[in-house]
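# Structural features, examined
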Amino acid sequence: RASRARPAVQLLGASGWNHAAVVDRGDNLTDNAVFVDTFFHDPDDVEADRFARRFYSRYKRRASTFHAEVHDAAAIVLGSLKGVEGDGHGLRAQVLQNLTTTRNFRGATGFISILDHGGVVRKPRLLTIDLDDIRVRLSEDEEEALRRRRFAPREEDGPR
């Protein structure tokens, strides 16, 4: 019996999708879904990998986005305290100056910059569901090539 192909629908989501419960095992209805999150344990990302491994070693559970954001925020604040002397308003002004000149701080959540008005700029991680796994999303060309190879007929399958 010929199978009917389902029409393709691109699923787009937010950070709440970065959870194993979202992955549709078997039917792969969520395959190729695209979503963002601030943190993802990517072994190819040195800082994210280092943080995730240290966190797991200490707490025996996986780090969440919240944990990674707190880690990075604490590191930025500690860094802004280096070389600061004095007390009172002068001390606070120096710390604020150091914070608002933070540019491209490399943390577990990627590169972080703090703007003059205190806003935080970071590049969210683009993630995807790949069959039964969540992983970092590749460029569109790389994703297309990967999926084309995966679903290409193999010689041992014979003619269709």
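Residues numbered from 1 in each chain as written. Predicted model: local features only at pLDDT ≥ 70, side-chain atom pairs only at ≥ 80, totals over all residues. Heavy atoms only, no water.

## Re the overall build of the chain
If you tally the helices and strands in the chain, you get four helices and seven strands. Listing the helices and strands of the chain from first to last along the sequence gives β-β-α-α-α-β-β-β-β-β-α. What you see for the chain is a C-alpha radius of gyration of 22 Å, clearly larger than the 15 Å of a compact globule of 160 residues, by over 25%. Along the first, second and third principal axes, the C-alpha set of the chain runs to 80 × 35 × 25 Å. (Helix = DSSP H or I, 4+ residues; strand = E, 2+ residues; numbered from the N terminus. Rg over C-alpha atoms; globule rule 2.2 N^0.38 Å.)

## Details of the side chain of Asp 45
Structurally, Asp 45 can be placed in the loop between strand S2 (34–37) and helix H1 (46–59). A polar contact is formed between the side chain of Asp 45 and the backbone nitrogen of Glu 47, at a distance of 3.1 Å. A distance of 3.1 Å separates a polar atom in the side chain of Asp 45 from the backbone nitrogen of Ala 48. (Polar contact = N/O pair within 3.5 Å; in protein donor to acceptor, adjacent residues only side chain to side chain.)

## Quick notes on the pairing of strand S6 (residues 125–130)
Within S6, five of the six residues are buried, leaving the element largely enclosed by the surrounding structure. Relative to S6, S2 runs antiparallel, the two being bridged by four bridges. The partner of Phe 35 across the bridge, within S6, is Leu 127. Bridge analysis of S6 against strand S7 (residues 133–136) gives four bridges, and the strand direction is antiparallel. Looking at S7, one finds that Leu 127 is bridged to Val 136. The turn joining S6 and S7, which pair antiparallel and follow one another in sequence, is formed by two residues; a positive phi near 55 degrees is taken by Leu 131. (Buried < 20%, exposed > 50% of the residue type's maximum accessible area, 1.4 Å probe, protein only. Pairing = 2+ DSSP bridges.)

## Examining the sheet that holds strand S3 (residues 105–107)
Strand order in the open sheet formed by three strands is S3-S4-S5, with antiparallel pairing between adjacent strands. Looking at which strands have only one partner, the edges of the open sheet turn out to be S3 and strand S5 (120–122). Sheet twist, expressed as the average angle between the axes of neighbouring strands with direction ignored, equals 35 degrees. Bridge analysis of strand S4 (residues 110–114) against S5 gives three bridges, and the strand direction is antiparallel. (Axes fitted to C-alpha atoms, helices over the stretch in contact; angles between N-to-C directions.)

## Here's the deal with the environment of Leu 91
Tracing the chain through its elements places Leu 91 in helix H3 (residues 88–100). On the basis of relative accessibility, which here comes to 29%, the residue Leu 91 falls in the partly exposed class. Taking C-alpha positions, Leu 91 is 9.1 Å from Leu 81, a pair spaced 10 residues apart along the chain. Leu 91 has contacts with Val 84, Glu 85 and Gly 86, leaving out every residue within four places of it along the chain. (Contact = heavy atoms within 4.5 Å.)

## Let's talk about the sheet that holds S6
Taken together, the four strands give an open sheet; going across it, the order is S1-S2-S6-S7, and neighbouring strands pair in mixed fashion. On the outer flanks of this sheet lie strand S1 (12–13) and S7, each paired with one strand and no other. Sheet topology note: the S1/S2 ladder contains two bridges and is parallel. From the neighbouring strand, Gly 13 faces S2, where its bridge partner is Phe 35. Relative to S6, helix H4 (residues 140–151) is tilted by about 10 degrees, and along the sheet it contacts S6 and S7.

## A short note on unusual backbone geometry
Among all residues save glycine, negative phi is the norm, and among peptide bonds the norm is trans. In this model, Asn 32 sits at a positive phi of 75 degrees, which is unusual for a non-glycine residue. On the secondary structure map, Asn 32 appears in the loop between S1 and S2. Although it is not a glycine, Lys 60 sits at a positive phi angle of roughly 60 degrees. Tracing the sequence through the fold places Lys 60 in the loop between H1 and helix H2 (65–81).

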